[in-house]
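# Understanding the architecture of this molecule
Residue strings, one per chain:
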Amino acid sequence: MRALIWKELRENVRWLPIGLLVVTAVGYLVLPSIFTFSQSMVARDLLAQLAIIAPLLAFALGVVQSFRDLKPASGAYLNHRGVTRSDVFLAKTIVGFLLYAIAIVVPLTALAAWIAAQGMQWYPMRPAQVLPSLAYALAAFGMHPAAMLMMARDASWWGTRLLPLVPIAIAVFVIWTLSKGLMWAAICAILAVPVLTWVVATARQGWCDLVSDPSATKYHLTARGRCLLPLYLTAGAVGALFVSLMFGIAILEYWRRGIDLPEPFNAIAVERESKSLWMVTNQYKYDRVMGITRTNVLGGDPVVQGGQVNPLKPVPDGLGFDFFSHLTPTDRGVVQSDGFFTPLSMIAAFSDETWYSFDQRGYVLLYGAAAGRFSWKNTVAADHIHSAGILSGVPFTADPIGLGALAFSTFREAGLATPLVDSKGVYLLEDQPLSIRTLIAQPVDAIGLVTKEAGAAPSVLIRAQSQLFEYEMVDGTGSTHWFPEVDGERGVTRITVRPLRDLSLSAKLVQTYDLPPELAHRSELSIASAADGGWFLTSSASKTTVFKVAPQGDTLRLAFTIEPGTSSPPSAEDRIHVLNVLFGLCPGVMYLIGTAIAGWVSFSQPFERPFADLMSWVADHPVQTTAGVVAFVLVSLTCVMLTIRASRQRGLSRRPMLLWCWSVGLLGLAAPLSVLAIYRNVHREACSRCERPRRVDLELCENCGAGWDLPTIGAIEITDEHRSPQAIASEVLA
């Protein structure tokens, strides 16, 4: 083994400088410039670059290491020297991992050292940001043994030859999507170990013996226990089919809906004058002249308990609608975070050019721009403002500026600065002088704004466990009529932002409400203003239950249960779509997994009923359900015929052919693809006993177990058996 490892090192070390050069260039490109500002983040950009470079590097090493020794002359020489195929494979894998690790680890270590030397003085970054990329690179090495398996396969067409790359590509993609932050980097590093073990063991089995017929182990003894390669290729066929279907469905949906004119959709709204509930049909339309997205109401109808609703009914002129506001949960991080920092964004409400980034340890870092260079100015904690270089005080539980921009979006549309929000309260960040003060000090599970009175500031609704708190935002005079009038269409955001320091805002608790048990366990909650000072509450479910909170005390009463629908009129909803046919191509195992997950959620969470909702949808859409079932049956019958044809071409016996046919219900089109990928197309001859075609590469017939008949000797035969001269002379005389 030592000689083989030295041989591989001597032959392939020349590729190491190329790998070092490529990864070093990637590390240099992701660094922020010290003179020109870039909003990129080191961890996210490095991971995005290695998502392409690392698998290609591992794949290239596997190809160049396998190509030479898979030639007949080289393979015969190694086997003649008493070297097994397993030794050759393991030596190539060890050397490939060593070269790959050096090419990845050395540049990333240098990058981490450079980050540690620079610190966070002019850009928010720390050395640990290279760890997610290292965890991903460990998993991406699986492309090396997969490439070796691809090169060793004797496939009849390139579709099945490339199939070993599909399972590891899917696994690497999943690990790449999870590699965010320190915790997930550790989880991905742990997940990479069984993934690599699985791929290496499978590739070793395929490298040593590609002749496999697992169902004929009674007569084909060399295939006994060779189950890793068939299972791996079957998983690859299912994965390739699933990715192809999802890609086709995405293209079809994109083509059907278009870009500028999406399909209409039904929504619940509150009429502004009467404060009554309506079901209206909206449609988004992009205005190319103004560069904004407008919302047009196509129709609507008041919702009456137990009555029919026509959301396409023409709306009388002069009516205006307020839609339900979503309460933003504070336990969810803001998007565009790499697990360490959020991108630098400018705080437009400040007098000077100030940028901020949220440190996942719970602090807001403020950066200032001067003479084309950025520098760390202050650290904002929940209780105090610190100078640069100090990370202390009460940390925030989430990105307070990002959550504040989401929860107080009405402020942004009116041209006002947004407060800060986390799960502990609401804060105001002001400059001249730079300070932070607590506006609302109480636990916040979710928060949102609702316009309750025309001309007044919107009320702040805070959800804390099973209670709802209503706050009024008042200025220094105690009035709520300080809020500027929002003109223009809905969806327009002002560019210029007015600071809040001159308003002397404070929050006044008005009312406290108890949530009904049906909504107390819902993570998503929407709210709208009702008549007499009450509130309409609803959750995001297929069948929307709307509650009304009365202003007197904490009494709650059920308003009604309605079905908003999706987009089309009710008379045209239940019709055959092209998607029903595509769903028929999905493997049955996907439906079993989805049903099992829905049943488990329904059993573990009493207030979540995905299985009941699924059955209700099936009962309400008989045409679409029937079309999907018919498509699935027709596709399954077609796959059975293809499986039988592929099994006969590959010389399978009756028993494995029947097993593959039974697997069509679970694998779908992946069953015939798996047969083509697993079994080689070998030559066959008629068996002298059962007269059925038998494979010439097996000593015993896979159908009846008969051996080969001895050939009839009609001439002199030279053999290598040791026989005495007397026996040879007697045969010649005879």
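Keep in mind it's a predicted model, so treat the numbers as computed, not measured.

Here we take up the overall build of the protein chain. Of the regular secondary structure elements, the protein chain holds 23 helices and 24 strands. By the burial criterion, 44% of the 734 residues in the protein chain qualify as buried. By sequence separation, contacts in the protein chain at least 24 residues apart represent 60% of the contacts at least 6 residues apart.

Our focus in this paragraph is unusual backbone geometry. Glycine aside, residues mostly have negative phi angles, and peptide bonds mostly take the trans form. Of note in this structure, K275 is not a glycine but carries a positive phi near 55 degrees. On the basis of relative accessibility, which here comes to 17%, the residue K275 falls in the buried class. Phi is positive for Q465, which is not a glycine, with a value near 60 degrees. Here Q465 is to be found in the loop between strand 16 (459–464) and strand 17 (467–474).

This part covers the sheet that holds strand 6 (residues 328–329). Taken together, five strands build an open sheet; the order of strands is 6-15-16-17-18 and the sheet is antiparallel. The open sheet has two free edges, formed respectively by strand 6 and strand 18 (506–514), since each of these has just one partner strand. Summarising the sheet, strand 17 and strand 18 pair through eight bridges and their orientation is antiparallel. Bridged to Q467 within strand 18 is D514.

In this section: the nonpolar core. L46, Y100 and I168 are the most contacted members of the largest nonpolar core, which totals 82 residues. Looking at this core, the element that brings in the most residues is helix 5 (residues 85–118), giving twelve residues. Once you skip the residues sitting within four places of it in the chain, L46 turns out to touch V26, V30, L108, L111, V130 and S133. The next biggest cluster of nonpolar side chains, apart from the first, holds 28 residues, and it includes A414, V444, L449 and L503.

A word on the packing of helix 2 (residues 16–29) against helix 3 (residues 42–69). Two elements in contact, helix 2 and helix 3, have axes separated by 10 Å at closest approach and are oriented at 170 degrees. Accordingly, the angle class assigned to the pair helix 2 and helix 3 is roughly antiparallel. For the crossing formed where helix 2 meets helix 3, the hand is right-handed. Contacts from G19, V22, V23 and V26 of helix 2 reach helix 3 at L46, Q49, I53 and L57. Residues that form the contact of helix 2 with helix 3 fall into these classes: six nonpolar, two polar and no charged.

What follows deals with the sheet that holds strand 14 (residues 435–441). Ordered by their spatial adjacency, three strands build an open sheet running 12-13-14, and the pairing between neighbours is antiparallel. In this open sheet, the two strands that pair with only one neighbour each are strand 12 (420–422) and strand 14. Taken pair by pair, the neighbouring strands of this sheet meet at an average axis angle of 25 degrees, ignoring direction. Pairing geometry for strand 13 (residues 425–430) and strand 14, over six bridges, is antiparallel. Considered in strand 14, the bridge of E430 is made with S435.

Under the defined criterion, the tally for this structure stands at eleven aromatic pairs. Taking 5.5 Å as the distance between ring centres and 80 degrees as the angle between the ring planes, the aromatic pair formed by F396 and Y427 counts as edge-to-face. Taken together, the residues span a long stretch of sequence, with F396 in the loop between strand 11 (385–387) and helix 12 (400–407) and Y427 in strand 13 at a distance of 31 residues. Each member of the pair F396 and Y427 is classed as buried. Ring centres of F408 and F411 lie 5.2 Å apart, and the angle between their planes is 80 degrees; on these two criteria the pair is classed as edge-to-face. Assigned by exposure class, F408 and F411 land together as buried. Aromatic rings pair up to connect F408, F411, W482 and F483 into one cluster.

Attention shifts here to the pairing of strand 10 (residues 373–380). Bridge count between strand 10 and strand 11: three bridges; the pairing is antiparallel. Looking at strand 11, one finds that T379 is bridged to H386.

Checked against the element boundaries, S86 lands in helix 5. Look at S86 and you get buried, because its relative accessible area is 11%. Between the alpha carbons of S86 and Q205 there is a distance of 8.3 Å; along the sequence they are 119 residues apart. Contact partners of S86, with chain neighbours within four places excluded, come to R204 and C208.

Parameters at a glance
Residues numbered from 1 in each chain as written. Predicted model: local features only at pLDDT ≥ 70, side-chain atom pairs only at ≥ 80, totals over all residues. Heavy atoms only, no water. Helix = DSSP H or I, 4+ residues; strand = E, 2+ residues; numbered from the N terminus. Buried < 20%, exposed > 50% of the residue type's maximum accessible area, 1.4 Å probe, protein only. Contact = heavy atoms within 4.5 Å. Pairing = 2+ DSSP bridges. Core = buried A, V, L, I, M, F, W, Y, C linked by side-chain atoms within 4.5 Å. Axes fitted to C-alpha atoms, helices over the stretch in contact; angles between N-to-C directions. Parallel < 35°, antiparallel > 145°, perpendicular 65-115°, else oblique. Left-handed = near helix turned anticlockwise from the far one by under 90°. Nonpolar A, V, L, I, M, F, W, Y, C, P; charged D, E, K, R; others polar. Phe/Tyr/Trp six-rings, centres within 6.5 Å; stacked < 30°, edge-to-face > 60°.

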